[in-house]
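Descriptive structure summary
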Amino acid sequence: MFTGAGISAESGLGTFRDNGGLWERYKIEDVATPEAFERNPELVLNFYNLRRKQLLESKPNAAHISLNKLSEKYKLHIVTQNIDDLHERSGSKKVLHLHGKLRESKSSVDDSLIYLIEGVNLKMGDFCEKGSQLRPNVVWFGEAVPKMIDAISITKKADIFIVIGTSLNVYPAASLLNYTNNAKQIILIDPKAEQEKGIEVIKEKATIAVPKLVKELLL
């Protein structure tokens, strides 16, 4: 299982490629790169505080919730590009976050020092135990994706590989499709998806398509 922003958009979380929402008011290079944090850390922290507030006001939708039913018959592993925790809040147990977690902070000098953010705000002057400013625990553009090796391992073992709500334009995450040789069935759910060879495409919103697909897979 591989999910992207499209599954969470129906819970009210904006995607940066669609019109509307937070991303339209900011440039990626101003809020989602290491250079942006060096240049204007307060702007970056405020941007993620807004996203965190939006997340805490959102709830898992029917797609998130229905996916968990697959664990009745399958070993369900979810690899997600999303930094929200809607999968976990829906009851999902095995979730790998490729791009980090919005509700966590980490040291700006030691990636191993990770802390849960209480509430909405991460502020200037919030330091790790080594005395450095805390930053969002997210993978910014231009940074390595440390969980990619684990995601590839999960993908290689998949008998059924379902992709939900991602444009498959963000790399290296999109390259997971290159490791689906063991999958007997590959399914892509996205209303804007284009036909791909060897892939079953369902051009519907996740909240409509996922519950129906889950029902079919459990027959």
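Given the structure is predicted, the values throughout are model-derived calculations rather than measurements.

Now for the overall build of the protein. The number of helices and strands found in the protein is eight helices and nine strands. A compact globule built from 219 residues should have a C-alpha radius of gyration of about 17 Å, and the protein, at 18 Å, falls within 12% of that. By principal-axis analysis of the C-alpha atoms, the protein measures approximately 55 × 35 × 30 Å. Expressed as a percentage of its 219 residues, the buried residues of the protein come to 47%. Long-range pairs, those at least 24 residues apart, make up 63% of the contacts in the protein between residues at least 6 apart in sequence. Counting only carbon and sulfur atoms, one obtains 51% of the accessible surface of the protein, whose full area is about 11,600 Å². With 30 positive and 28 negative side-chain charges, the protein shows a separation of 5 Å between the mean positions of the two kinds.

Another aspect to go through is the pattern of salt bridges. Applying the stated rule across the entire model yields nine salt bridges. For the salt bridge of Arg103 with Asp85, the shortest nitrogen-to-oxygen distance reads 2.9 Å. Of this pair, Arg103 sits in strand E4 (residues 100–107) while Asp85 sits in the loop between strand E2 (78–80) and helix H6 (86–90); the two residues are 18 residues apart in sequence, bridging distant segments of the chain. Look at the salt bridges and you will find they share partners, linking Asp85, Arg89 and Arg103 into a network.

Right, let's talk about the nonpolar core for a bit. Core analysis: the largest hydrophobic core is formed by 21 residues, its most contacted members being Phe2, Val79, Leu98, Phe161, Leu176 and Leu188. Mapped by element, the contributors of at least two residues to this core are helix H7 (148–156), strand E7 (160–164) and strand E8 (185–189). Among all residues touching Leu98, those that are not within four sequence positions of it are Phe2, Val79, Thr80, Val139, Val145, Lys147, Met148, Ala151, Ala173 and Leu176. Val31, Ala36, Ile117 and Val138 belong to the second-largest nonpolar core, a separate cluster that totals 20 residues.

Rules and cut-offs
- Residues numbered from 1 in each chain as written.
- Predicted model: local features only at pLDDT ≥ 70, side-chain atom pairs only at ≥ 80, totals over all residues.
- Heavy atoms only, no water.
- Helix = DSSP H or I, 4+ residues; strand = E, 2+ residues; numbered from the N terminus.
- Rg over C-alpha atoms; globule rule 2.2 N^0.38 Å.
- Buried < 20%, exposed > 50% of the residue type's maximum accessible area, 1.4 Å probe, protein only.
- Contact = heavy atoms within 4.5 Å.
- Areas by Shrake-Rupley, 256 points an atom, 1.4 Å probe, with all protein chains shown as cover.
- Lys, Arg positive; Asp, Glu negative; His and termini not counted.
- Charge placed at Lys NZ, Arg CZ, Asp CG, Glu CD.
- Salt bridge = Lys/Arg side-chain N within 4 Å of Asp/Glu carboxyl O.
- Core = buried A, V, L, I, M, F, W, Y, C linked by side-chain atoms within 4.5 Å.

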